[in-house]
Amino acid sequence: MSHLATEAPRAPTVWLVGAGPGDPELLTVKALRAIRRATVLLVDDLVGDAVLRYARRSTRVVRVGKRGGCQSTPQAFIQQLMLREAQAGERVVRLKGGDPFVFGRGGEEAEFLRAQGVQVEVVNGITSGLAAATALQVPLTHRKHAHGVILVTGHPRSDDTGLHWPTLAAAAAQGLTLVIYMSVATAAEVQSGLLHSLPASTPVAVVQHASLPQQRHAIGTLGGLVSMIEQHGLGSPAIILVGDVLRCLQQVADIEPAMDPCIEHSARRA
Ligand code: SAH
């Protein structure tokens, strides 16, 4: 008898689980447990094999990502599949890159499932924007440079008129670090929009595949963002970081002689 068969019957449940930015060592213990207990895993394309290795051999793994086996699985299909499997008594884990509730439609999936009477459990993951900053050892809220962070998508819905780069630039100028997801393809828009309120010398960084062995990054200034991305051949998945906290990086100090890295500031204050 399988150990699952000994458990009390439970209401149909789906676990929305964050797989983190890619490095399996960045999975939470809770995520790991959910993956191990899953009988069906519905997996986004940003979730790599290194994470899936933790699933049991008997677990049915369905890749529903846009770049994976299935070409752009429609969202409605994914939702129906989760519903059907949960109602059939499967232990369904929807494994999403980063954190399930930071972009990536986790909120929509939870709403749909709850409306259908399915219980939803959510397990945090380390979101890629934080992992990207940590990959460069950038303290996102270093108090010398920033008093907050804005997580924003560079790829708003086509019907979304809410994203206004000059406003975000003004916020960044006031000491808010910008962490921009899904933005490499729209980097030209990001650059020109932000230049409305930020000087061309504002430090920027682009981190691709944060936390993974193939991680790459480039550091420069806002005025050269697009050419930097082209020059380094950076592509999705990547995060663009914008703001004065990047002055903590020695490379930025090298680009812009007027900038002092944080280490020097703190040494001087000490
Ligand atoms: N829920 C995810 C975000 C999904 S949106 C999270 O919390 O991280 C997909 C976007 O996430 C990508 O376009 C990219 O901007 C970013 N992303 C995901 N994994 C990444 C990684 N390892 N390195 C850099 N960016 C990543």
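Refer to the structure printed above.
A quick note: this is a predicted structure, and the numbers were derived from the prediction, not measured. (Residues numbered from 1 in each chain as written. Predicted model: local features only at pLDDT ≥ 70, side-chain atom pairs only at ≥ 80, totals over all residues. Heavy atoms only, no water.)

A. Spatial organisation of the overall build of the protein. The secondary structure content of the protein amounts to 10 helices and 10 strands. Across the 270 residues of the protein, 47% fall into the buried class. Of the contacts made within the protein by residues no fewer than 6 positions apart, 68% connect residues no fewer than 24 positions apart. Here the protein has roughly 13,600 Å² of accessible surface; of this, 52% comes from carbon and sulfur atoms. (Helix = DSSP H or I, 4+ residues; strand = E, 2+ residues; numbered from the N terminus. Buried < 20%, exposed > 50% of the residue type's maximum accessible area, 1.4 Å probe, protein only. Contact = heavy atoms within 4.5 Å. Areas by Shrake-Rupley, 256 points an atom, 1.4 Å probe, with all protein chains shown as cover.)

B. Inspection of the site of the ligand at higher detail. In the vicinity of the ligand, 16 residues are found, and the nearest of them are V102, T127, S128, A210 and A238. Within the backbone of P21, an N or O atom sits 2.9 Å from a nitrogen atom of the ligand. In this structure, a nitrogen atom belonging to the ligand sits 2.7 Å away from a main-chain N or O atom of V102. Alone, the ligand offers 540 Å² of accessible surface; in the complex the protein occludes 92% of this. (Near = heavy atom within 4 Å. Polar contact = N/O pair within 3.5 Å; in protein donor to acceptor, adjacent residues only side chain to side chain.)

C. Examining the nonpolar core more closely. I180, L194, V206, L225, I229, I240 and V242 are the most contacted members of the largest nonpolar core, which totals 23 residues. The element best represented in this core is helix 6 (residues 165–173), accounting for 4 residues. In this structure, V138, V179, V207 and I219 belong to the second largest nonpolar core, which totals 18 residues. (Core = buried A, V, L, I, M, F, W, Y, C linked by side-chain atoms within 4.5 Å.)

These values are about where atoms sit, not about what they do.
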